[in-house]
Amino acid sequence: MSTELRDAAVSADDLPADVRSWIDQVRYEEEGDFPVEQGYVWTTCASVQNGNPLFWDERVAREITGGPIAPPTMLSVWFRPHYWAPGRTKQSQPLQVHFDLKERLGLPEAIMTDNTIEFHEPVRPGDRLRTRQILRSVSALKDTKVGKGRFWVIEVEYLNQKGELVGRESYTGLGYRRYA
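Computed from a predicted model, the values in this text were never measured in an experiment.

Caption draft 1: Highlighting the pattern of salt bridges. Taken as a whole, this structure holds 16 salt bridges when the rule is applied. Put simply, Asp-100 and Arg-27 hold a salt bridge, and the shortest N to O gap is 3.3 Å. Linking Asp-100 in helix 6 (residues 96-104) with Arg-27 in strand 1 (residues 26-31), this pair joins segments that are 73 residues apart in sequence. As a salt-bridge pair, Arg-59 and Glu-63 come within 2.8 Å of each other at their nearest N and O atoms. Of this pair, Arg-59 and Glu-63 both sit in helix 5 (residues 58-65), separated by 4 residues, roughly a single helical turn. Classification of Arg-59 as partly exposed rests on a relative accessible area of 45%.

Caption draft 2: The confidence of the model for the chain, seen in detail. Averaged over all residues, the pLDDT of the chain is 91; the fraction at 70 or higher stands at 93%. In this model, residues 1-11 is a region of pLDDT below 50 whose contacts with residues beyond four sequence positions or in other chains number 17 contacts.

Caption draft 3: Focus on helix 3 (residues 38-47). Within the span of helix 3, buried status applies to Gln-38, Val-41 and Cys-45. Down the axis, helix 3 shows its buried residues gathered within 55 degrees of arc, on one side only. Exposed side of helix 3, more than 90 degrees from the buried face: Thr-43 and Ser-47 are the residues found there. Where the residues of helix 3 are buried, they touch helix 4 (53-56). A distance of 2.6 Å separates the backbone nitrogen of Gly-39 from a side-chain oxygen at the start of helix 3, and that oxygen is part of Glu-37. Immediately downstream of helix 3, the backbone of Gln-49 shows phi near 55 degrees, a positive value.

Cut-off values and rules
- Residues numbered from 1 in each chain as written.
- Predicted model: local features only at pLDDT ≥ 70, side-chain atom pairs only at ≥ 80, totals over all residues.
- Heavy atoms only, no water.
- Salt bridge = Lys/Arg side-chain N within 4 Å of Asp/Glu carboxyl O.
- Helix = DSSP H or I, 4+ residues; strand = E, 2+ residues; numbered from the N terminus.
- Buried < 20%, exposed > 50% of the residue type's maximum accessible area, 1.4 Å probe, protein only.
- pLDDT = per-residue confidence, 0-100.
- Contact = heavy atoms within 4.5 Å.
- Arc of directions from axis to C-beta.
- Polar contact = N/O pair within 3.5 Å; in protein donor to acceptor, adjacent residues only side chain to side chain.

Here is the structure:
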């Protein structure tokens, strides 16, 4: 999103003040339910027939990356909540800021229109990752083919136990109300 478009979206006059206050603020900083685990790596690679020795052969991984790593594309796997976990009082939902926006803005339908991901430090077995969500922008109300709604951009940062950035995802969503 261009800076010009983003600045216009941030200052949308019809955006509730509380939602406007969420922009550029860290929300929902959470640690994954379980550490990065080699068995998940092998199961994921096997399911898509990814035979890259970097993920299967410890010697190769040590030579290339200093030790075993998880495929970068598995970044979000470590934050897919289990339906149930001991002590959990409510079901965990990924990308909670998206659902907060839908509810607060009265937009019952939503689609993701874009997703980009950047990879930084490698994710390694044993890492304890945490994530945080940052709302970057919300547009003014717009008429679209599917209904009247707003576009929003949510950034998700992934950090390891050392505080190093291991990845960043950016989602563009459209929350809308269908035309009658």
